[in-house]
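Summary of the model geometry
Spelled out from the first residue to the last, the chains are:
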Amino acid sequence: MAQQIIELTCPGCGARVSTGMATCEWCHKPVVITTFNSVVDMPLPEVNKYANSYKKDLMENPEDKTLNTSIAMCYLKLKLYDKALPAFEKAIEDNFDNSESYFYAAVCLLRGKKAFLAQRADIDKIEEFINAANMIEPRGIYHYFWAYIKQDYFERKYLNTSPSYQECLANAEQMGTSEYDKKMLFDLLGVARPAGF
């Protein structure tokens, strides 16, 4: 079934646009946010403006998959993890073949804190999400994030785990995880990058 196209107000300039448009013809800003890279360099007040616009549009169209993913990406950029997580879980429900939704949901579960401080139930859910993301589309950044979880939670607590963080890190390196992706991950997590990472 094709995604329904709906009319909405451009979050950037207020012009009438639709979810079928990639960018607004007036302000040339994105109409919907489909990847985190779309908001990574956006100033926080602008991201907040987008989130508020999507929130209003979701009240009129609560089942729109595109708007749901868009607001999830905005909440993540704003580090509103408790709002982003249910939006990503809804995005997973709407499209279970999108590996990024699983990955970003896993990131949200840390809530801007070190993995070492997380509850075991959250770590188990993170691993479940990372495994799902890797089954859909194996990416180096997913293995890199998993290596961090393995090192900061399991290794620091002297818990046995398989694969080890070294194996996950080796997989990430083998898959060519860029320095930019590594930096972006720890910026997104809001924690310092451990030595050796």
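Residue numbers restart at each chain and count upward from 1, following the sequence in its written direction. With the structure being a predicted model, the display of local features is reserved for residues of pLDDT at least 70 and the display and counting of side-chain atom pairs for 80 or more, all residues being used for whole-chain, interface and lining totals. To obtain the side-chain values, all non-hydrogen atoms of the structure were used and water was disregarded.

Description of the environment of V39
Under the DSSP-based scheme used, a helix requires at least four consecutive residues in state H or I and a strand at least two consecutive residues in state E, with every element numbered from the N terminus. Considering the arrangement of structural elements, one finds V39 in the loop between β2 (16-18) and α1 (44-60). As for V39 and L78, which are separated by 39 residues in sequence, their C-alpha atoms are 9.8 Å apart.

Considering the pattern of salt bridges
Whenever Lys or Arg places a side-chain nitrogen within 4 Å of a carboxyl oxygen from Asp or Glu, that contact is recorded as a salt bridge. Tallied over the full model, the rule gives 16 salt bridges. When the shortest N-O distance is used, the salt bridge between R111 and D82 registers 3.0 Å. Placement of R111 in the loop between α4 (99-109) and α5 (120-136) and of D82 in helix α3 (residues 81-94) is noted, with a sequence separation of 29 residues between them. The classification of residues rests on relative accessible area computed with a 1.4 Å probe and restricted to protein chains. Under 20% of the type maximum is buried, over 50% is exposed, and intermediate values are partly exposed. With relative accessibility at 33%, the residue R111 sits in the partly exposed group. The network of salt bridges with shared partners includes E63, K90 and D94.

Some points on the nonpolar core
In these notes, a set of buried Ala, Val, Leu, Ile, Met, Phe, Trp, Tyr and Cys residues joined through side-chain atoms within 4.5 Å is what counts as a nonpolar core. Counting 69 residues, the largest nonpolar core has L76, L110, F145, Y148 and I149 as its most contacted members. Elements with a contribution of two residues or more to this core: α1, α2 (65-77), α3, α4, α5, α6 (140-155), α7 (165-174) and α8 (179-189). No other element matches the 10 residues that α6 contributes to this core.

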